[in-house]
Amino acid sequence: MSNPPDSRPIVGCLLGTAVGDALGLPYEGLSPRRAARLLGPPERYRLLGRWGLVSDDTEHSCLVAQALIASADDPVRFGRALAWGLRLWFLGLPAGIGWATLRAIVKLWIGIPSDRSGVHSAGNGPAMRAAIIGVAVPDPLALRAFVRASSRLTHTDPRAEQGAFAIALAARLAAGGETVAPDVYLDALRSALGPEAEALTGLVARVAESANRGETTEGFAASLGLAKGVSGYVLHSVPVALHAWFAHPHDFRAAVGAVIRCGGDTDTMAAMVGGILGAALGPDGIPAEWRRDLRDWPRSVGWMERLGEQLARCRATGTTERPLRLPLFGVLLRNGVFLLIVFTHGLRRLLPPY
């Protein structure tokens, strides 16, 4: 009887993405100074008491996992499955959706093929859902094809795809369990992307230099002119997330906290670095109280664990299965409640301390 596949890197990636997303969500859009005064340090969930809820970063990562389960080693089939997943996700009336992603999904629904649905944007939508691809697709050439299929569904700017590949590559290397030196990662990224990605690899070279001399992630973000918060531009968010990984390769709590303290697009950066560290450390490397207090539904911790185990089984056997699904009614109910929570949180931001 064969041993079951090791699902820890995949499950850890999904849960790490979700935990980072939920921790960073209340801080999104705030400057570091205002976030510290209004919410305090990112040591627990702060959106709904001590309970954590996820946003589109986690939802898209789960959609990618479902598409991988349904497509085996075929990136074209994967792209089509993910396109349908995004269409159905939109029917659930999600509370948060990026402008580029919204336009791409509308194009999908009016009949534009998935290979022409993307819009020209260098936002971090593809990067936020890329870590799980890196863990599930170990072959370097196939990894590039799967990242391209995921990215171009919504974003056609080459920088968006390159940033997504950078996160996927980080998760792939981290999943091996060994510490990845910044210079080793940089060489692998340059080899995979070539000279056309010099804007990104040049920034990653700065990341490596900063991490090697022990600079904090907050200090690195400030050196990029992002002292008041990191934007959703992929050449801002991805380098900062990579820096936190290099600075804290074995400490999930420290890595996620570092990017949240940078301010700005905190949920996406925390989701990206959470996915990388989750792949490296597995579920047990994520603080137990953060896993326990993540109380979303129906996309629960248990559901994501089962989805990750299903993906690990399919990748190990090279087969496809019908992926786990969520009930549309449950998603609609949850999203309605989530919208009220986010609205209440937004009102709280209007009040002091400033």
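Relevant structure appears above.
Residues numbered from 1 in each chain as written. Predicted model: local features only at pLDDT ≥ 70, side-chain atom pairs only at ≥ 80, totals over all residues. Heavy atoms only, no water.

Visitor: Please clarify how the overall build of the chain should be interpreted in this entry.
Guide: Along its length, the chain carries 18 helices and zero strands. For the chain, whose C-alpha radius of gyration is 18 Å, the value lies close to the compact-globule estimate of 20 Å for 354 residues. Principal axes of the C-alpha set define a box for the chain whose edges measure 55 × 45 × 45 Å. Per-residue burial over the chain gives 56% buried out of 354 residues. For the chain, the proportion of contacts with a sequence separation of at least 24, taken over those separated by at least 6, is 74%. For the chain, the computed accessible surface area is about 14,400 Å², with 58% contributed by carbon and sulfur atoms. Each charge sign in the chain was given a centre, from 37 positive and 31 negative side chains, and these centres are 6 Å apart. (Helix = DSSP H or I, 4+ residues; strand = E, 2+ residues; numbered from the N terminus. Rg over C-alpha atoms; globule rule 2.2 N^0.38 Å. Buried < 20%, exposed > 50% of the residue type's maximum accessible area, 1.4 Å probe, protein only. Contact = heavy atoms within 4.5 Å. Areas by Shrake-Rupley, 256 points an atom, 1.4 Å probe, with all protein chains shown as cover. Lys, Arg positive; Asp, Glu negative; His and termini not counted. Charge placed at Lys NZ, Arg CZ, Asp CG, Glu CD.)

Visitor: Sorry if this is basic, but what is going on with helix H13 (residues 234-247) here?
Guide: Since one α-helical turn is 3.6 residues long, residues separated by three or four positions face the same way. Taking 1.5 Å of rise per residue, 14 residues should cover 20 Å, and H13 covers 20 Å from first to last C-alpha, within 8% of that figure. Residues of H13 that are buried: Val234, Leu235, Ser237, Val238, Pro239, Val240, Ala241, Leu242, His243, Ala244, Trp245 and Phe246. (Expected span 1.5 Å × (residues − 1).)

Visitor: Can you walk me through the pattern of salt bridges in this structure?
Guide: Close approach of charged atoms allows side chains of opposite charge to pair. In the structure shown here, the tally under the stated rule is 15 salt bridges. For the salt bridge of Arg334 with Glu59, the shortest nitrogen-to-oxygen distance reads 3.5 Å. Of this pair, Arg334 sits in helix H18 (residues 328-348) while Glu59 sits in helix H3 (residues 56-71); the two residues are 275 residues apart in sequence, bridging distant segments of the chain. Under the relative-accessibility criterion, Arg334 is labelled buried at 9%. Asp157 is the salt-bridge partner of Arg159, the closest N and O atoms lying 2.7 Å from each other. (Salt bridge = Lys/Arg side-chain N within 4 Å of Asp/Glu carboxyl O.)

Visitor: What should I look at first to understand the nonpolar core in this one?
Guide: Core analysis: the largest hydrophobic core is formed by 102 residues, its most contacted members being Tyr185, Leu242 and Trp245. For Leu242, the contacting residues outside a window of four places in its chain are Ala166, Ile167, Ala170, Tyr185, Val204, Val207 and Ile276. Leu47, Leu53, Phe338 and Ile341 belong to the second-largest nonpolar core, a separate cluster that totals five residues. (Core = buried A, V, L, I, M, F, W, Y, C linked by side-chain atoms within 4.5 Å.)

Visitor: Hey, could you run me through the layout of surface pockets in this one?
Guide: A water-sized probe, rolled over the atoms, reveals where empty space remains. A volume near 540 Å³ is recorded for the largest pocket. Lining the largest pocket are 32 residues, and of these Glu28, Asp56, Gly96, Gly98 and Asp267 sit closest to its centre. At the level of secondary structure, the elements contributing two or more residues to the lining of the largest pocket comprise H3, helix H5 (99-109), helix H6 (125-128), helix H15 (266-281) and H18. Per element, the largest residue contribution to the lining of the largest pocket is five residues, and it comes from H18. (1 Å grid on protein atoms, 1.4 Å probe; cavity = no way out; pocket = protein on both sides within 12 Å on 5 of 7 lines; lining within 4 Å. Points joined across faces, edges and corners; volume = space filled by probe spheres on them.)

Visitor: Can you walk me through the packing of aromatic side chains in this structure?
Guide: Where two aromatic rings form a pair, the distance of their centres and the angle of their planes describe that pair. In total, this model carries six aromatic pairs according to the counting rule given. Taken together, the aromatic side chains of Tyr185, Trp245 and Phe246 make up a single cluster linked through ring pairs. Residue placement shows Arg253 over the ring face of Trp290; its charged tip is 4.8 Å from the ring centre. Here the guanidinium or amino end of Arg315 rests over the ring plane of Phe146, the centre of that ring lying 5.9 Å away. (Phe/Tyr/Trp six-rings, centres within 6.5 Å; stacked < 30°, edge-to-face > 60°. Lys NZ or Arg CZ within 6 Å of the ring centre and 35° of its normal.)

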